[in-house]
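Chain by chain, the residues:
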Amino acid sequence: MAAVSPLLETRNLSRSFGGLKAVSDVNFTLEVGEIRAVIGPNGAGKTTFVSLVSGRLAPSSGAVLFEGDDITRLPAFKRVRLGIAYTFQITSIYGNLTVAENVALAAHQPGAKSSLEYLERVGLAGRAAQIAGTLAYGHQRLLEVAMGLALRPKLLILDEPTQGLSDSEITNFIELVRTLSKTATVLLIEHNMPVVMELAHRITVLDRGQILAEGAPEDIRANRAVQNAYLGTADA
Amino acid sequence: MFLHLAVIAALFLAQFAASEYIVLMLTRIMVLAIFAIGYNLLFGYTGLLSLGHAMFFATGLYAAALGTTLMGLTVPAAFAFAVLAGLAVSLVMGVITLRASGVAFMIVTLMFSQAAFLTVLYFGEYTRGDEGIVIPDTIRKFAFLGFDVDLANAVLRYNLALAFLGCAIAFSLLIVRSRIGHILIAIRENETRTSMLGYDVQRYKLAAFVMSGTLSAFSGACYALMFAYAGSTLASIQYSIHPLLWTLLGGASTVLGPVLGTGLMFVLVDLASSYTNANLLMIGVVLILLVLFFPKGILGTIRERYWKWLP
Amino acid sequence: MAAAVLALSALGLSLVFGVMRVVNVAHGEFFMLGAMLAWWTAKMVPGGPLAGFMAALVVAPAAVGFLAFLTERLLLRRIKYDPEATIVATIGLLFVIQQLALSLFGADAKPVAAPFTYRIAFPWFGYSGYKLFVVVASVFILVGVWWVLARTRYGLIMRVTQFDRETATAFGIPVNTVYSAVFVAGAALVAVAAVLIVPIQQAHYLMGLDPLLMSFIVVIIGGLGSIKGSVIAALIIGMADGIISVFFSPTLASIIATLAVALVLVVRPQGLFGVTAR
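Description of the structure in this document.

Parameters and conventions
- Residues numbered from 1 in each chain as written.
- Chains lettered and ligands numbered in written order.
- Predicted model: local features only at pLDDT ≥ 70, side-chain atom pairs only at ≥ 80, totals over all residues.
- Heavy atoms only, no water.
- Helix = DSSP H or I, 4+ residues; strand = E, 2+ residues; numbered from the N terminus.
- Buried < 20%, exposed > 50% of the residue type's maximum accessible area, 1.4 Å probe, protein only.
- Contact = heavy atoms within 4.5 Å.
- Areas by Shrake-Rupley, 256 points an atom, 1.4 Å probe, with all protein chains shown as cover.
- Core = buried A, V, L, I, M, F, W, Y, C linked by side-chain atoms within 4.5 Å.
- Disulfide = S-S within 2.5 Å.
- Buried area = accessible area lost by both parts, 1.4 Å probe.
- Salt bridge = Lys/Arg side-chain N within 4 Å of Asp/Glu carboxyl O.
- Polar contact = N/O pair within 3.5 Å; in protein donor to acceptor, adjacent residues only side chain to side chain.

1. Notes on the overall build of chain C
Logical step 1: Secondary structure assignment for chain C yields 11 helices and 2 strands.
Logical step 2: When the helices and strands of chain C are placed in sequence order, the string is α-α-α-α-β-β-α-α-α-α-α-α-α.
Logical step 3: Taken across its 278 residues, chain C has 53% of its residues classed as buried.
Logical step 4: Long-range contacts, defined here as pairs at least 24 residues apart, represent 75% of the contacts in chain C between residues at least 6 apart.
Logical step 5: Here chain C has roughly 12,300 Å² of accessible surface; of this, 72% comes from carbon and sulfur atoms.

Printed below as a string of structure tokens:
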């Protein structure tokens, strides 16, 4: 394994918005099969960081490598084809299309009915014919994940997936991500600390655009700098 | 499918019952409905609102008119030339204008179309501007695959227009039901999402743009050759608004909507013209009422309430 | 001269787009109506061109503003200021106004006498006093609008509304009233521009298209919604138009200008002077 390059690597990755450095010199590595959580206070640059990885934003400087290849200049849709799937923080589904068509589009078989498998995995198979916009919010989040799955990604980026979910939905969700991680590496941006602590193999803490700390969940929990950055909000 | 065949069949039968005047009007409607069908591919299915389709219509119109009168092309060759010209112009325009989106796209297409209109006027020596080119009847008589064709013949012209319209409807159906059709709708519904599913959104938009522009050019060529006339009014902003209006009225993103809308609008203007010649007023009022009360148009509303299967 | 009036009419469009994020395609028709009303007022009001002119300066903006008020209430508000629907609806309005103007006022061009005809004699050329007055008046109005936007409470309210509708509502700003006011103000401005220009350029029912396209050009180059940009762009275009027209035929000049601007919009959608929208 040692000779194999990491799944994802960023080198001095930076992005600024009109003088404000949202992400600054981030060197980040992610190994195959990991569940990695990225946490940090609001405005720490988490979403900007994954947008740079997924190609929704272009970096000001630095490089992104996927399976050892430089993908910095690759547009987002090509990165998706390489195996980087991104699920949106704000639910972004096709509200006027059926649930099945949503997933079929993600599986690149629009119009086909082969999408049931992915819907089963998130527990939405019974709602395939429903118009996606009429789903309950929690179900829309699950559909979003099913679409991510249908892309058969190597790397699945989940941007605050549990936001707005109920406790029972969250419990199911944790199970779901565990099963997912058998086939894909997961990069999870999450606010909900119990979820992070339960799922993540390793945690990366971002603060003001920089990596503040990185390590196993228990190390991060004990890390003073992290506690300070959160000012006690992450005591969970 | 059945419905579409029924519409074609009804139009075929109509020629035996209708007066000469109505046959001429229906011919015109069918030719312009092709324009609207082309427009709908871009506006209805892809969600891109162009305010410049007059430039594609005019491309076909003038390619056919100038091709036959100045370059000595036969009518079939002029059709081919017009389609190629439409393809080329829409490809170039698509590459440029699709860099903009939303309101900027609308304004950019409007301005390019205006530039095209001014170009037609600028080359007034050839295009004869407002007055227009009249294609002599001698050119419109030709032999094709062993048949003698005379485009001045009203019956023949009617059936030719019907055949072309049938092809346009079939083409539109084919696209809408195909993989690319589904992807175009996905782009309309949520462009960012579609791109983040790994689709090359720009390429699909360009494909829709070119199909739409080329079909519009084809309609323009039909217009010039069948009615023997090409004038600058047909290149003006009004002719960019017409297909939008027809599509909106009949129902955007339905295959038959543009056809219905074109027909209905013609009938409305025709009826109104016995009272007043204020057809601009008519267009304006219908546009406003549609936007306010029927944004989905006739067939769109029918689909929503009754026939969910309508393509 | 052309630049001054252009800036004024573009300002109205820019103001509306800046705050409300909608493009009013009927803007040019408001201009045409302003001009028509100026002609009509001048005809109705006795007491010579000056009295007519003064009356028109009141009547035209008031009437056009009222029409704009109705448009905003009955049309734009109902479609919730959806950008695309607004364009389509205002295209409809454009046709309606144009046709009504044709039916009411006829198709012939209508001359209006200038309120005064004093000529200023410079050593090297004579210059119409009225034209100079138009320039001064335009500059005066531009500065006035700028002052309102930059220095007063109303300007602040507008800028907050422009920034974010929801936030503005949360701060207790009556967003609907602001929208009405801005739309009316935009129309009134273009009507004033029309009253000013009509003694120089006759009133005609088709005159709306040119200022509309020119206003598009100015607003686009200036950056949609940026007032400073609009003014600078208007000056450039006004002068460039004069210069290009010297070398090329007016049609060719228009083609070149239109293409150039369309390209600007493609390459820099935020305009040459604009800042990137959020």
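Alright, that's what it looks like, and here's the rest.
2. A few points about the nonpolar core
Logical step 1: In this structure, A:Leu143, B:Leu51, B:Leu165, C:Met20, C:Phe30 and C:Phe216 are the most contacted members of the largest nonpolar core, which totals 249 residues.
Logical step 2: Of all the elements, helix α2 (residues 20-45) of chain B adds the most residues to this core, at 17 residues.
Logical step 3: Sequence-distant contacts of C:Phe30, defined by excluding residues within four places in its chain, comprise C:Asn24, C:Val64, C:Leu67, C:Ala68, C:Thr71, C:Leu93, C:Ile97, C:Phe183, C:Ala187 and C:Val190.
Logical step 4: One finds A:Val23, A:Ile71, A:Phe88 and A:Leu155 within the second-largest nonpolar core, a separate group that totals 26 residues.

3. With respect to the state of the cysteines
All names here are of chain B.
Logical step 1: Inspection of every chain in the model, using the stated rule, returns 0 disulfides over all chains.
Logical step 2: Lacking any disulfide linkage, Cys167 is separated from the closest cysteine sulfur, that of Cys222, by 10 Å.
Logical step 3: Under the relative-accessibility criterion, Cys222 is labelled buried at 0%.

4. A short note on the interface of chain A and chain B
Logical step 1: Counting from both sides, the interface comprises 24 residues of chain A and, opposite them, 16 residues of chain B.
Logical step 2: For the pair chain A and chain B, the two sides together bury roughly 1,800 Å², of which 59% comes from carbon and sulfur.
Logical step 3: Counting every contact that joins chain A to chain B gives 1 salt bridge.
Logical step 4: Two residues, B:Arg193 and A:Glu144, come together in a salt bridge whose shortest N-O distance is 2.4 Å.

5. With respect to the side chain of B:His53
Logical step 1: The residue B:His53 is located in the loop between α2 and α3 (54-69) in this model.
Logical step 2: Apart from the residues lying within four places of it in its own chain, the contact partners of B:His53 are B:Phe35, B:Tyr39, B:Leu42, B:Ser212, B:Gly213, B:Ser216, B:Ser240 and B:Pro243.

6. Here we look at the interface of chain C and chain B
Logical step 1: Counting residues at the interface gives 38 residues for chain C and 37 residues for chain B.
Logical step 2: For the pair chain C and chain B, the two sides together bury roughly 3,300 Å², of which 87% comes from carbon and sulfur.
Logical step 3: Between the two partners, chain C and chain B, sit 0 salt bridges.
Logical step 4: Inspection of the chain C/chain B interface yields 0 residue pairs in polar contact (both at pLDDT 80 or more).
Logical step 5: Every element with two or more residues in the side of chain C that touches chain B is listed here: α3 (48-76), α4 (83-105), α9 (209-222) and α11 (250-267) of chain C.
Logical step 6: No other element matches the 14 residues that α4(C) contributes to the side of chain C that touches chain B.

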